[in-house]
Amino acid sequence: MAELTGHAVRTGEAAPTGEKGSTMTPSPRQGHLDAQVFDEVVRATSELIRLDTTNRGGGEGNERPAAEYVAAGLADVGIEPRLLEKKSGRTNVVARIEGTDPGAGALLLHGHLDVVPAEAADWTVHPFSGEVRDGVVWGRGAIDMKNADAMALSLARAWARAGVRPPRDIVLAFTADEEDSAEFGSDFLVREHPELFEGCTEGISESGAFTFHAGPDRRLYPVGAGERGTAWLKLTAHGRAGHGSKVNHSNAVSRLAAAVHRIGEYEWPVRLTPTVRAALARLAELHGLRPLGPDAQDAEVDALLAQLGPAAALVEATVRNSANPTVLEAGYKVNVIPGTATARVDGRMLPGAEEEFHATLDALTGPDVRWEFQHREVPLQAPVDSPLFAAMSEALEHFDPGAHAVPYCMSGGTDAKQFSRLGIMGYGFTPLKLPEGFDYQALFHGVDERVPVEALHFGLRVLDRTLLGGATAASASTTRDATVPSGG
Ligand SMILES: [Zn+2]
């Protein structure tokens, strides 16, 4: 059990770098969390935003300044950082905070240091200014996800200042290249340095635990416990090339068009994963609706979704696989039948529903059209009945009384997919309390990305309570066998 009280507060200690943030309201001291940590989290978010770590894809990026910033902040309080690069400038930082309970599995707290590009002309403030204005930190990465990097760094520093140790070992990983292929980031770390993650059973990272306003006085916190897999497909139809005026029953264009039509019109059956089933049960309860039975028909699931109002958006994309045609390419002249025609399809697979996805695509494309994966990422699932999930929910509901944590399956992909190869179950948990009308999801990769100072302070408290929870650690090591790294 960590020591929570009785430590002297030292103020005025040097923060990692830069000037003092001054526009935020001072927060009351909470247990071992001193006033300094609430200043630092804002300053670190702002200063990390100012270090431009734009990832332009194709290997082009530079996370080193942000990695050095984080490493200096850790080293300053006696936490030894490892800086790791597959390619010069694409720097990752890994450090371990030793827990008090050697029997508990370690927990990985990871965040990426890179950001997607931002076009300054479109923004109200410069995207790399890190400006703190009217209690809001502005800039690229304020939500995705330098805010979370700053929380992890500031919290680790606060614990070190107060002499607090968490029950579980906590491995901190600040990664490069998440916004592209992860080749220089988490993929490299998992391949080349798995020993740094020894003992890690669970991971926490983007992008759940934000306030979702689901109606008057109904605040939800969706906590990520799964991710759909990505299946970007290329379809190719072959036929007999020839003159457009002749009879041709082997026309590649019409063969392709027929397959694309069948895919686009197909009604995928409902496949409820444990995470989505738990989400629907919780949402039904919170809305006073009848829960689904174990053998609910597709129509019943759709009927429940229709009654959930805004909250349906949290689950509707994850009750079934999907495959949407997005690109068509064929032909070059109106009186010439081309020999081939191609299309691309954006497919998404639920955990456990991948074989069905294959078989369905085989049937829908038929004998005349070939399909292949152009890009593929595995789906993930983490248990929602684990002690860690309970601790995350409890901490959220503790600091926002009247709100409710709900599990959800994320529709996109994160570094958690890479770390799942080490048997680490990933949760989406970057706690932020957001006011109504603050469109969190639109700010991911969006213009005028920003985060309220109060949201960062809330996040610190929730993360601190979650990670220091003694009950969580005691039984965490028993949850490992529930890993479902489905697919491959
Ligand atoms: Zn992200």
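Preceding this paragraph is the structure being described.
These numbers come from a predicted model, not from an experiment.

Q: Which residues make up the overall build of the protein, and what are the values?
A: A count of helical and extended segments in the protein gives 13 helices and 19 strands. For the protein, restricting intrachain contacts to residue pairs at least 6 apart in sequence, the fraction spanning at least 24 positions comes to 80%.

Q: So what's going on with the sheet that holds strand S19 (residues 450–452)? Which residues, and what values?
A: Spatial ordering of the open sheet is given by S4-S5-S19, a layout of three strands whose pairing is antiparallel. The open sheet terminates on both sides in strands that have one partner only, identified here as strand S4 (132–133) and S19. Relative to strand S5 (residues 136–138), S4 runs antiparallel, the two sharing two bridges. Paired with valine 132 across the bridge in S5 is valine 137. Strand contacts of helix H1 (residues 35–50): S4, S5 and S19, with the helix running at about 20 degrees to S5, the strand carrying the most contacts.

Q: Now, about the packing of helix H9 (residues 387–399) against helix H12 (residues 453–468): what can you tell me, with residues and values included?
A: Packing of H9 against H12 leaves a shortest axis separation of 9 Å and a crossing angle of 140 degrees. Our classification of the angle between H9 and H12 gives oblique. Seen from above, H9 lies across H12 with right-handed handedness. Note on element contacts: H12 touches H9 through Phe458, Arg461, Val462, Arg465 and Thr466, opposite Ala391, Met392, Ala395, Leu396, His398 and Phe399. Tallied by class, the residues present in the contact of H9 with H12 amount to seven nonpolar, two polar and two charged.

Q: Hey, could you go over the sheet that holds strand S14 (residues 340–349) for me, with residue numbers and the actual values?
A: The strand order across the open sheet built from four strands is S12-S14-S10-S15, with neighbouring strands paired in antiparallel fashion. The open sheet has two edge strands with one neighbour each: strand S12 (322–330) and strand S15 (369–377). Mean inter-strand twist for the sheet, computed between neighbouring axes without regard to direction, equals 20 degrees. As paired strands, strand S10 (residues 229–238) and S14 are joined by ten bridges and run antiparallel to one another. Paired with leucine 233 across the bridge in S14 is valine 345. On the sheet, helix H5 (residues 252–265) packs against S10, S12, S14 and S15 and is oriented at approximately 160 degrees with respect to S12.

Q: Which residues make up the nonpolar core, and what are the values?
A: The biggest cluster of nonpolar side chains holds 109 residues, and the ones touching the most others in it are Leu108, Leu172, Val223 and Met392. The element that contributes the greatest number of residues to this core is helix H3 (residues 146–162), accounting for ten residues. Both of domain 1 (35–220 + 380–482) and domain 2 (226–377) provide at least three residues apiece to this core. Sequence-distant contacts of leucine 172, that is, excluding residues within four places in its chain, are made with Val94, Ala95, Ile97, Leu109, Ala152 and Ala156. Core analysis: the second largest hydrophobic core is formed by 21 residues, Leu235, Met349, Phe357 and Trp371 among them.

Q: Give a detailed account of helix H8 (residues 354–365), specifying residues and quantitative values.
A: Compared with the 16 Å implied by 1.5 Å per residue over twelve residues, the 17 Å span of H8 between its first and last C-alpha is a close match. Those residues of H8 lying buried are Phe357, Leu361, Leu364 and Thr365. For H8, the angular spread of the buried residues around the axis is 85 degrees, confining them to a single face. Exposed and facing more than 90 degrees away from the buried side of H8 are Glu355, Ala359, Asp362 and Ala363.

Q: Now, about the pairing of S10: what can you tell me, with residues and values included?
A: On S10, burial follows the alternation: Gly229, Ala231, Leu233, Leu235 and Ala237 on one face are buried, whereas Thr230, Trp232, Lys234, Thr236 and His238 on the facing-out side are not. Where S10 and S15 come together, eight bridges link them in antiparallel fashion. Bridging from a neighbouring strand, alanine 231 pairs with arginine 376 of S15.

Q: Residues and numbers for the pairing of strand S6 (residues 170–175), please.
A: Taken across its six residues, S6 has six buried, putting it largely inside the fold. Burial along S6 is two-sided: the face carrying Ile170, Leu172 and Phe174 and the face carrying Val171, Ala173 and Thr175 are both buried. Bridging between strand S2 (residues 91–97) and S6 involves five bridges; their strand directions are antiparallel. Across the sheet, the residue bridging to arginine 96 is valine 171, located in S6. Looking at chain direction, strand S3 (residues 106–112) and S6 are connected through six bridges and run parallel. Paired with histidine 112 across the two strands is threonine 175, which belongs to S6.

Q: Got a sec to walk through the packing of H1 against H12? Specific residues and values, please.
A: One can describe the packing of H1 onto H12 by two numbers: an axis separation of 10 Å at closest approach and a directional angle of 120 degrees. Classified by the angle between their axes, H1 and H12 sit oblique to one another. When you trace H1 past H12, the crossing you get is right-handed. The segment H1 lies against H12, with Val37, Phe38, Val41, Val42 and Thr45 engaging Val453, Leu456, His457 and Leu460. A breakdown of the residues in the contact of H1 with H12 according to their chemical character gives seven nonpolar, two polar and no charged.

Cut-offs applied
Counting starts from 1 at the beginning of each chain's written sequence and moves along it residue by residue. It should be noted that, the model being predicted, local features are given only for residues of pLDDT at least 70 and side-chain atom pairs only at 80 or more, the latter also being counted only at that level, while totals for whole chains, interfaces and linings use all residues. The helix and strand labels rest on DSSP assignments: H or I over at least four residues marks a helix, E over at least two residues marks a strand, and numbering proceeds from the N terminus. Working definition of a contact: two residues with C-beta atoms, positioned from the backbone, lying within 7 Å. Strand pairing is defined by DSSP finding a minimum of two bridges between the two strands. Note on method: axes are straight lines fitted to C-alpha atoms, helices fitted across the in-contact stretch only, with angles between N-to-C directions ranging 0 to 180 degrees. Throughout, the term roughly parallel applies to angles under 35 degrees, roughly antiparallel to angles over 145, roughly perpendicular to angles from 65 to 115, and oblique to all others. It is the rotation of the near helix from the far one that decides the hand of a crossing: anticlockwise by less than a right angle makes it left-handed, clockwise makes it right-handed. The classification used treats Ala, Val, Leu, Ile, Met, Phe, Trp, Tyr, Cys and Pro as nonpolar, Asp, Glu, Lys and Arg as charged, and all other residues, Gly among them, as polar. In plain words, the nonpolar core is the set of buried Ala, Val, Leu, Ile, Met, Phe, Trp, Tyr and Cys residues that C-beta atoms within 7 Å link up. Each residue is classed by its C-beta neighbour count within 10 Å, where at least 20 other C-beta atoms makes it buried, 12 or fewer makes it exposed, and intermediate counts make it partly exposed; the C-beta atoms are placed from backbone geometry. Each domain span listed reflects an automatic or database assignment of domains. A helix is expected to span 1.5 Å for every residue after the first. Of all possible arcs, the one meant is that of the directions from the helix axis to the C-beta atoms.

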